[in-house]
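# Descriptive analysis of the structure
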Amino acid sequence: DMSTTGAKMVIYYHNQESDTSLLDFEMPINSLCSYYSRFDHNNYRDASPDFKQEVLNHDTAMGKYKIFTQGLGGVWTKVRLPYIKNFYKGHHIALHNALLVVKDYQTDTTLQPPTLLTIIKRDSVGNISNLIDYDEGAGYYGGTYNKTNRTYSFRITRHLQQVMMGITKNYDLFIMVNNPVVNELLPNRVMLNGTKPALPVPASDRVQLQITYTRLD
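Please read these numbers as outputs of a predicted model, since none were measured by experiment.

## A closer look at the packing of aromatic side chains
- Considering all chains together, one arrives at eight aromatic pairs under this definition.
- Note on Trp76 and Phe174: the rings are 5.5 Å apart at their centroids and 75° apart in plane angle, and the pair reads as edge-to-face. Separated by 98 residues along the polypeptide, Trp76 in the loop between strand S3 (66-70) and strand S4 (77-79) and Phe174 in strand S9 (residues 172-176) bring together distant segments of the chain.
- A ring pair is formed by Phe87 and Tyr88, whose centres lie 5.3 Å apart and whose planes are at 75°; its orientation type is edge-to-face.
- Residue classification places Phe87 among the partly exposed residues on the basis of a relative accessible area of 34%.
- Here the basic side chain of Arg155 rests over the ring of Tyr140, its NZ or CZ set 5.2 Å away from the ring centre.

Dropping the structure here:
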């Protein structure tokens, strides 16, 4: 811990004016300094075969069975909704509620899942930002782990409304443990059911986008 009194960083050196004497310079490290973190997951050598196939070998089709999200420099889960406008094509609707629900694949609680996940969007040049629903607060937005049914739910109603109205582009969304927008770091990881999980996982436990709306015509 570099903030303690017993920790410091010192550079020892020589210069032309003092060829024999060893000089030193103590780096000023305090609360005003910038910090950064670097995490190494050992190239996922000990990861599960499913993870290696899906993430390291870029077999994205495996995402229909299970998906992975990990904090501290780990992996994100990409969510695409390319056909979101098709379900109301040719009609006018009022969107009341939109919940993106994902369920924990594992029932073993030896490694606790994250208490909170977040979802962000990334534009075509790589800029990331929170969804507009995030500004409504955690009670509305969600993302908290439900221990009873092992799910995370995100309310993305306002975001989808803006996408449908053409106010916001339909950028890729990312589910992650850490929120880089607010510099929030958590060490946990979680495996989630995909869009078409294999038995014995029931189809009802798949990734779901639950939309409540009214047709106006």
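## Digging into the sheet that holds strand S6 (residues 118-122)
- One open sheet accounts for four strands, arranged S4-S9-S6-S7; its pairing is antiparallel. Taken across any chain shown, the strands that pair with only one partner, and hence form the sheet edges, are S4 and strand S7 (128-130). In this sheet, neighbouring strand axes are inclined to one another by 35° on average, regardless of whether the strands run parallel or antiparallel.
- Both S6 and S9 contribute to a ladder of five bridges, which runs antiparallel. Each residue of the ladder has a partner; that of Lys121, found in S9, is Leu173.

## Quick word on the side chain of Glu54
- By secondary structure assignment, the location of Glu54 is in helix H1 (residues 49-56).
- Despite its burial, Glu54 remains without a salt bridge, the nearest opposite charge being carried by Lys66 at 7.8 Å.
- In contact with Glu54, not counting residues within four places along its chain, are Asp59, Thr60, Met62, Gly63, Lys66, Ile67 and Phe68.

Rules used throughout
Residues numbered from 1 in each chain as written. Predicted model: local features only at pLDDT ≥ 70, side-chain atom pairs only at ≥ 80, totals over all residues. Heavy atoms only, no water. Phe/Tyr/Trp six-rings, centres within 6.5 Å; stacked < 30°, edge-to-face > 60°. Helix = DSSP H or I, 4+ residues; strand = E, 2+ residues; numbered from the N terminus. Buried < 20%, exposed > 50% of the residue type's maximum accessible area, 1.4 Å probe, protein only. Lys NZ or Arg CZ within 6 Å of the ring centre and 35° of its normal. Pairing = 2+ DSSP bridges. Axes fitted to C-alpha atoms, helices over the stretch in contact; angles between N-to-C directions. Lys, Arg positive; Asp, Glu negative; His and termini not counted. Salt bridge = Lys/Arg side-chain N within 4 Å of Asp/Glu carboxyl O. Contact = heavy atoms within 4.5 Å.

Spatial relationships are all this shows, so hold off on functional conclusions.
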